[in-house]
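# Close look at the chain arrangement
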Amino acid sequence: MSEVMQPEELKRLFCEKFGGGGEIRCFFAPGRVNLIGEHTDYNGGHVFPCALTMGNYGVGRRREDRKLRLYSVNFPQQGVVECGLDELVYEKKDGWTNYVKGVFRALEQRGCALPGGMDLLVYGNLPGGAGLSSSAALEVLAGLMARELLELPGLSMTDLALVGQQAENEFCGMHCGIMDQFASAMGQRGCAIFLDTNTLTYRHVDVHLQGVRLVLVNSRVKHSLVNSAYNERRRQCEEALADLRRVRALGALGELTEEAFGEIQDAIRDETCRRRARHAVYENQRTLRAVGALEAGDLPAFGRLLNESHVSLRDDYETSCPETDLLAELAWETPGVLGSRITGGGFGGCTVSLVEENSLALFQERVLAGYQRQTGRTAEIYVAEAGDGAREISSSFVLYSG
Ligand code: GLA
């Protein structure tokens, strides 16, 4: 599934690109899969993601001048991109490095005095464009490496998640919530994170499911204009909230139960905005119930809530697409599948399914064959492991996981 790259090899490449000498350190920040709670994070609701064991690796060294020199093993054609900390601007042609630039900019905007720059080599083993948050993983990686290599004081892992979100919102123009960066920063092996995005209070919940695995299926489709469609959803929720505030004092859609929403939903004038808000309210309540079901050991109930989440994303929120609908349907029809839904921002990307271990082979066969037959495309399957959040990796690390 993912490429293997040994640490020695990455360090060798680093020295080849940037020269040897000095203290060279290695870090890792994971991607994430969201189990339930989709498009609730910018509506003051709850989310339930886990960090993956796949993500971005960074090899870096502090610089005493105010320069960043950046290279990615995944985008060799980009070469080494160099920029000064005093001239951090978004440039489309700079591709992936914009996320790193955005993090340094956000750090300065938060009042961190940066005593120097950095040479950074990045290698990622997340499938690209699959909606598994490779950009959030890059932001958290860059923030963590800046904190450690430049010895920046007073930054918690939550702060680094917020810095990453700020980079994405303000520098890259994607008005995302906090979920992806938070999951990358705060993941814990074997656990999902039950996060209240309104208060940033959270707890880890064990997802070592007896005899059941979390399976990702990558549709390998990414529809265009994803960012603008995402930003549009967010704007529609804001419009719905503004209408509701004419009849009730309300901080966010996530404060409403289904019943309370039913009482006041007519205040939302635009029909599309009403459906968007209904998704946000119902999805948040589903997330609360899903965590309850999981903690009570009721996996079938957890699975049903996953299915309901998909239907709501398909019909009310319209962030699914024919390919991910097909993947969910093929999963629903397969014996041994407890639940399946599109995960992440949408418009392509992956589904996540709860599959009984002894049905894994059947699942793989049916879903891959059905998808190929009906779309002519080849999907990819990964059995996911919930992994730890961003961290430094000791010299003996193995650069392969998954
Ligand atoms: C993207 C965003 C997240 C979240 C999800 C949808 O991944 O980055 O903040 O809104 O979409 O749940």
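You'll find the structure just up there.
Residues numbered from 1 in each chain as written. Predicted model: local features only at pLDDT ≥ 70, side-chain atom pairs only at ≥ 80, totals over all residues. Heavy atoms only, no water.

### Considering the sheet that holds strand 3 (residues 49-63)
Within the open sheet, the 6 strands sit side by side as 5-4-6-3-1-13. Their pairing is mixed. Whereas interior strands pair on both sides, the edge strands pair on one side only; in this sheet they are strand 5 (81-84) and strand 13 (391-393). Recorded for the sheet is a direction-independent mean angle of 30° between the axes of neighbouring strands. As defined by bridge partners, strand 1 (residues 25-34) adjoins strand 13 across 3 bridges and the pair is classed as antiparallel. In the sheet register, Phe28 faces strand 13, and the bridge partner there is Arg391. (Pairing = 2+ DSSP bridges. Helix = DSSP H or I, 4+ residues; strand = E, 2+ residues; numbered from the N terminus. Axes fitted to C-alpha atoms, helices over the stretch in contact; angles between N-to-C directions.)

### Description of the sheet that holds strand 7 (residues 191-196)
Pairing in this open sheet of 3 strands is antiparallel, and the strands run 2-7-8 from one edge to the other. Two strands close off the open sheet at either side, each with one partner strand: strand 2 (46-47) and strand 8 (201-206). For strand 2 and strand 7, the ladder comprises 2 bridges, and the chain directions are antiparallel. Paired with Val47 across the two strands is Leu195, which belongs to strand 7. In the packing of helix 5 (residues 179-186) onto the sheet, the strands contacted are strand 2, strand 7 and strand 8, and the crossing angle to strand 7 comes to about 135°. Along the sheet face, helix 8 (residues 271-295) touches strand 2, strand 7 and strand 8 and points at about 40° away from the line of strand 8. (Contact = heavy atoms within 4.5 Å.)

### A look at helix 8
Between its first and last C-alpha, helix 8 extends 36 Å over 25 residues, near the 36 Å set by a 1.5 Å rise per residue. Between the side-chain oxygen of the N-cap and the backbone nitrogen of Thr272 there are 3.1 Å, and the N-cap of helix 8 in question is Asp270. Remark: Gly297 follows helix 8 within two positions and exhibits a positive phi of approximately 75°. (Expected span 1.5 Å × (residues − 1). Polar contact = N/O pair within 3.5 Å; in protein donor to acceptor, adjacent residues only side chain to side chain.)

### Focus: the side chain of Asp41
Position of Asp41 relative to the elements: it lies in the loop between strand 1 and strand 2. Arg234 provides the closest opposite charge to the buried, unpaired Asp41, separated from it by 6.5 Å. Here Met179 takes part through its backbone nitrogen, which lies 3.0 Å from a polar atom of the side chain of Asp41. When sequence neighbours within four positions are dropped, the list of residues in contact with Asp41 reads Val47, Gly177, Ile178, Met179, Thr197 and Tyr230. (Buried < 20%, exposed > 50% of the residue type's maximum accessible area, 1.4 Å probe, protein only. Lys, Arg positive; Asp, Glu negative; His and termini not counted. Salt bridge = Lys/Arg side-chain N within 4 Å of Asp/Glu carboxyl O.)

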